[in-house]
Amino acid sequence: MYTIDGITWPYPCTIEREAEIRPSDISGLMLDRNYFNDVYGTYMQYTVAVAVPTNDRDIYNQVYELLTDPVDGHEFVFPYNSGTLKVTGRVQSVPDRFVRLWNDGKYWTGLRFTVAANHPTKAHSLGEVITRGRAPIPDIAQPEEGDSFTWTEGHWAKTASYADADNIAY
């Protein structure tokens, strides 16, 4: 069972999950042949195949319309280990297939959809990063070029702002 935007869909389904441990752009092989792995966090992706009974075409159409609404994300609740996981995610694809029968019967079936999380479901806090011996990065939304920050008394403090030296002649 899963929910989309607070609506529970109790129809039979199969759900596949994939956890992507996403590295930052500065990750890579170092000159000493060690791999530097600067990880943003773990991003979940779910693929759901829904089995809506053929007599519930209206429900099928509602799910399809909800999933194909061009929005930045939906709130999903998916199974996760022995509990559930709430994910705000974007729908990446919604394939299904059209069936036409000999007696002019026709219907859509085989609804599947793939959801990718918009945010990491697992990430280290600043304290955990420092404990692991990694260089902390300030979580400042819009720093200016040349700004310098220091971790002081539980928060980042701007300590200096250096002028851009690209256009200075010496």
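Presented here is a report on the structure given in the accompanying data block.

Definitions and limits used
Residues numbered from 1 in each chain as written. Predicted model: local features only at pLDDT ≥ 70, side-chain atom pairs only at ≥ 80, totals over all residues. Heavy atoms only, no water. Core = buried A, V, L, I, M, F, W, Y, C linked by side-chain atoms within 4.5 Å. Buried < 20%, exposed > 50% of the residue type's maximum accessible area, 1.4 Å probe, protein only. Helix = DSSP H or I, 4+ residues; strand = E, 2+ residues; numbered from the N terminus. Contact = heavy atoms within 4.5 Å. Polar contact = N/O pair within 3.5 Å; in protein donor to acceptor, adjacent residues only side chain to side chain. Salt bridge = Lys/Arg side-chain N within 4 Å of Asp/Glu carboxyl O. Pairing = 2+ DSSP bridges.

This part takes up the nonpolar core. Looking at soluble globular proteins, one finds that nonpolar side chains tend to be buried together. Within the largest apolar cluster, 23 residues are counted, with the highest numbers of intra-cluster contacts made by Y2, I4, V50, L67, F76, F78 and F113. Contributing elements (two or more residues each) for this core: β1 (2–4), β6 (39–50), α1 (57–67), β7 (74–80), β8 (83–93) and β11 (112–117). Not counting residues within four places of it along the chain, the set of residues in contact with Y2 comprises I7, T8, W9, C13, I15, V48, V50, V77, F78 and F113.

A separate point is the environment of T47. Relative to the helices and strands, T47 resides in strand β6. With relative accessibility at 23%, the residue T47 sits in the partly exposed group. There is a polar contact of 3.4 Å between the side chain of T47 and the side chain of T114.

The next subject is the pattern of salt bridges. Note on pairing: side chains with opposite charge can pair once their charged atoms come close. Counted by the stated rule, this structure contains 3 salt bridges. Its salt-bridge partner being R100, residue D104 comes within 3.2 Å of it at the nearest N-O pair.

Here we take up the pairing of strand β9 (residues 97–100). In this sheet, strand β10 (residues 106–109) lies alongside β9 in antiparallel orientation, the contact comprising 4 bridges. Across the sheet, the residue bridging to V99 is Y107, located in β10. Between the end of β9 and the start of β10, which pair antiparallel, lie 5 residues, with D104 showing a positive phi angle near 65°.

Moving on, we come to unusual backbone geometry. Glycine aside, the phi torsion of most residues is negative, and most peptide linkages are trans. One non-glycine residue, D5, lies in the positive phi region at around 50°. Looking at the element boundaries, D5 is found in the loop between β1 and β2 (7–9). Positive phi outside glycine occurs at R33, with the angle close to 75°. Along the chain, R33 turns up in the loop between β4 (28–29) and β5 (35–36).

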